[in-house]
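# Structural overview for review
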Amino acid sequence: MRRALQYLALACYVAFLGFPLLWLLGTALKDRGELATGGLVPLSPTFENFGDAVRRADLVTAAGNSLVVALGTTALVLVLALPAAYALARFRTRLKVAANAWVLVSQVFPVILVVLPLFLILRQFRLVDSLVGLTLVHAVYALPFALWMLQGYISAIPRDVEEAGVVDGAGRVRVLVSIVAPLLAPGLVATAMFTMISSWNEFFFALVLIQDPAKVTLPLTLARFVGAEGQVQLGALAAGALLATVPSLLFFAAIQRRLVSGLLSGAVKG
Amino acid sequence: MTRAVERVTGAPPDRPPPPTRRRRADAWPLVLPALLPVALFSVYPLVQGMYLGFTDARAGRGVVTRFTGFDNFARLLSDELFWSSFRIGIVWAVSVTVLQFVAGLGLALLLDAPLRLRWLARTLALVPWAMPPVIIAIMWRLLLNPNHGALPGGVNWLGEFSTALPAVIVIGVWAGMPQTTITLLAGLQTIDRSLHEAAAVDGAGAWLRFRHVTLPGLRPVIIAITTLDLIWNLNSFALVYVLTAGGPGGQTMLPMLFAYNAAFRYGEFGYASAMGDVLVVLVVGFLLFYLRGQLRSAS
């Protein structure tokens, strides 16, 4: 009896979580006639919506922009975060407290406060409406969390390994590059992917900082596409939404295990 | 920029040995390259943004602004739209957080039990986490479309005065539940099984064990995740912006949407920042509550 109730509840959750996704997939695969009828399963599945989406909303340009920004953000974040995270994990300085406090602060303040001055600063540098400006902003906002994640991974590396390097006469940077970094590879990959997903999904800064249609990112294009939502466009909209989700789902699938296990160990220690 | 769960559980553990003077000086060149851009593009704008709330900054006027004291705040207090968005923001943040917590705890308990379908639920529980909020909004708009959507009856759920707010709340729960669930699941797995067994031996039923073993064991995680959820929900923007843009008739005008409109539709940077300042005060209040809870559970 109790088991049966548990399965019933689980089935409800699966339906609640899964149905919208199935609906999206179904809509993307429907042909024009079927879109009007509103059934879940497409009777004559077609991929024409995907082609439609790519042509109409100019998804290729937007995806290219998103990719450039996401890659740039990730590169910048890793270059800045690796040495800083190493220092924060290995040296006891007041910086460490400040950095960890900033991680929390960066997570809780309303972005509207920061985006207005940023808009003004970037305008002075002529970086509004520029992918470089957006990359910079994404990097700065991904940095605190990347620092935090990397610190955790670095702390897990035994110090003895480094001490050996120091004894052999290698300098700090040398130790970092040739001893710590290779051991840190899985953590670096996870941090990189998390940063990429954040940038790929980010909407607010892009909305405020980018106006030029040639420079819009994928979430922006799709959000504008919704405004034009009409009977004929439903399928294309769904197809576009699916296409835009695929990269972050793939990244996410790749780091999922690591993310969840990090979470579990964090909870155990906290 | 991204919600991150791991931080709810506290700073990464690490106890370095006492450092030498030489080492401390060594840290700076490594940290500085990261520190400078954060200071310039994050700390400084935040402080400046908080200050803008006390000025008459407008779009086009650049950084040359006049200090106007509490004028913006006085105007906020007499602005009906402010009060309604404030009220809607609280209703939204509290309902989403509570529902997210109740549903998330239920799902976490199920995922912790040895059931057959749980791998599917576990996978599904993670998917919304990776989806851009804009895509989640688009998906639900397609689903709730009155003409071609999934629900019968032709109700325009997102477009009717009476259903718009409840509809965006349900969607908010869908989008935010994964994080809550996974965090609670992580918390559940830290609870010592032998406590449950001991309670069972003493004749405690499922409810009593939940009440006296599970809940107390989860306490720190519950306080952390609900506080952060509350703050995140209060600050949320993208999902509802794409779902309804605050409509119909302002029924879903969250504080961040109000501030966005003030700044980028009407160019009132100072006024928008004042709304941001109000949010900061609320958030700091929640944080103090959170820290107090953390301290209490630590002692």
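In this text, all values refer to a predicted model and were calculated from it rather than measured experimentally.

### A look at the overall build of chain A
- Along its length, chain A carries 13 helices and 0 strands.
- Counted from the first residue to the last, chain A has its helices and strands arranged as α-α-α-α-α-α-α-α-α-α-α-α-α.
- Burial analysis of chain A (270 residues in total) assigns 57% to the buried set.
- As displayed, chain A offers around 11,100 Å² of accessible surface, 69% of which is attributable to carbon and sulfur atoms.

### Thoughts on unusual backbone geometry
Residues and elements named next belong to chain A.
- In this model, Arg126 sits at a positive phi of 55°, which is unusual for a non-glycine residue.
- As for its position among the elements, Arg126 is in the loop between helix H6 (111-124) and helix H7 (131-155).
- At Asp129, a position not held by glycine, the phi torsion is positive, near 65°.
- Looking at the secondary structure, you find Asp129 in the loop between H6 and H7.

### Topic: the packing of helix H1 (residues 2-29) of chain A against helix H6 (residues 161-188) of chain B
- Running from N to C, H1(A) and H6(B) point in directions that differ by 100°, and their axes come no closer than 11 Å. In this view, H1(A) runs roughly perpendicular relative to H6(B), as classed from their interaxial angle. When H1(A) is examined against H6(B), the residues A:Tyr13, A:Phe16, A:Leu17, A:Pro20 and A:Leu21 are found in contact with a partner set consisting of B:Val170, B:Trp174 and B:Met177.
- Here the contact of H1(A) with H6(B) is composed, by residue class, of 8 nonpolar, no polar and no charged.

### Some thoughts on the UniProt feature "transmembrane region" (unreviewed entry) in chain B
Residues and elements named next belong to chain B.
- Mapped onto this numbering, the UniProt entry gives "transmembrane region" (unreviewed entry) at residues 27-47, 90-111, 123-144, 164-188, 221-249 and 269-291.
- For residues 164-188, the end-to-end C-alpha separation is 35 Å, with 100% helix and 0% strand making up the annotated structure.
- Between the first and last C-alpha atoms of residues 221-249 the distance is 38 Å; the span itself is 69% helix and 0% strand.

### Some remarks on the UniProt feature "domain: ABC transmembrane type-1" (unreviewed entry) in chain B
- When the UniProt feature table is mapped onto this chain numbering, "domain: ABC transmembrane type-1" (unreviewed entry) sits at residues 86-290 of chain B.
- Overall, residues 86-290 of chain B shows 76% helix and 0% strand. The separation of its end C-alpha atoms is 22 Å.

### Examining a nonpolar patch on the surface
- A cluster of nonpolar residues, B:Trp28, B:Leu32, B:Leu35 and B:Leu36, forms a patch on the protein surface that exposes about 370 Å² of accessible area.
- If you trace the backbone, B:Leu36 turns up in helix H1 (residues 21-52).

### Examining the domain arrangement of chain A
Residue and element names in this part refer to chain A.
- In terms of domain boundaries, chain A breaks down into domain 1 (1-45) and domain 2 (59-265).
- A C-alpha centroid distance of 33 Å is found between domain 1 and domain 2.
- Across the boundary between the two partners, domain 1 contributes 7 residues, which contact 8 residues of domain 2.
- Both faces considered, domain 1 and domain 2 share a buried interface measuring about 620 Å² in area, 80% of it formed by carbon and sulfur atoms.
- For the pair domain 1 and domain 2, the number of links is 0 residue pairs in polar contact (both at pLDDT 80 or more).

### Regarding the pattern of salt bridges
All names here are of chain B.
- Summed over all chains, the structure comprises 6 salt bridges over all chains.
- When the shortest N-O distance is used, the salt bridge between Asp56 and Arg66 registers 3.6 Å. With Asp56 in the loop between H1 and helix H2 (71-77) and Arg66 in the loop between H1 and H2, this residue pair connects regions lying 10 residues apart in the sequence.
- We note a salt bridge from Asp112 to Arg193, for which the minimum N-O separation is 3.5 Å. Of this pair, Asp112 sits in helix H3 (residues 80-112) while Arg193 sits in helix H7 (residues 193-201), and the two are 81 residues apart along the sequence.

### Details of the packing of aromatic side chains
- Per the stated rule, a full pass over the model turns up 29 aromatic pairs over all chains.
- Ring geometry for B:Phe54 versus B:Phe70: centroids 5.4 Å apart, planes at 85°, classification edge-to-face. Remark: B:Phe70 occurs in the loop between H1 and H2 and B:Phe54 occurs in the loop between H1 and H2; sequence separation between them is 16 residues.
- Under the relative-accessibility criterion, B:Phe54 is labelled partly exposed at 22%.
- Grouping aromatic residues by their ring pairs yields a cluster made of A:Phe119, A:Tyr141, A:Phe203, A:Phe204, A:Phe205, B:Phe237, B:Tyr241, B:Tyr260, B:Phe264 and B:Phe269.
- Positioned over the ring face of A:Trp23 is A:Lys30, at 4.6 Å from the centre of the ring.
- The side chain of B:Arg75 reaches across the aromatic face of B:Tyr271, ending 3.6 Å from its centre.

How each quantity is defined
Residues numbered from 1 in each chain as written. Chains lettered and ligands numbered in written order. Predicted model: local features only at pLDDT ≥ 70, side-chain atom pairs only at ≥ 80, totals over all residues. Heavy atoms only, no water. Helix = DSSP H or I, 4+ residues; strand = E, 2+ residues; numbered from the N terminus. Buried < 20%, exposed > 50% of the residue type's maximum accessible area, 1.4 Å probe, protein only. Areas by Shrake-Rupley, 256 points an atom, 1.4 Å probe, with all protein chains shown as cover. Axes fitted to C-alpha atoms, helices over the stretch in contact; angles between N-to-C directions. Parallel < 35°, antiparallel > 145°, perpendicular 65-115°, else oblique. Contact = heavy atoms within 4.5 Å. Nonpolar A, V, L, I, M, F, W, Y, C, P; charged D, E, K, R; others polar. UniProt positions renumbered as here; feature names shortened; annotations may be inferred. Patch = residues over 30% accessible without salt bridge, like charges linked within 9 Å, V, L, I, M, F, W, Y side chains within 5 Å. Salt bridge = Lys/Arg side-chain N within 4 Å of Asp/Glu carboxyl O. Domains from an automatic or database assignment. Buried area = accessible area lost by both parts, 1.4 Å probe. Polar contact = N/O pair within 3.5 Å; in protein donor to acceptor, adjacent residues only side chain to side chain. Phe/Tyr/Trp six-rings, centres within 6.5 Å; stacked < 30°, edge-to-face > 60°. Lys NZ or Arg CZ within 6 Å of the ring centre and 35° of its normal.

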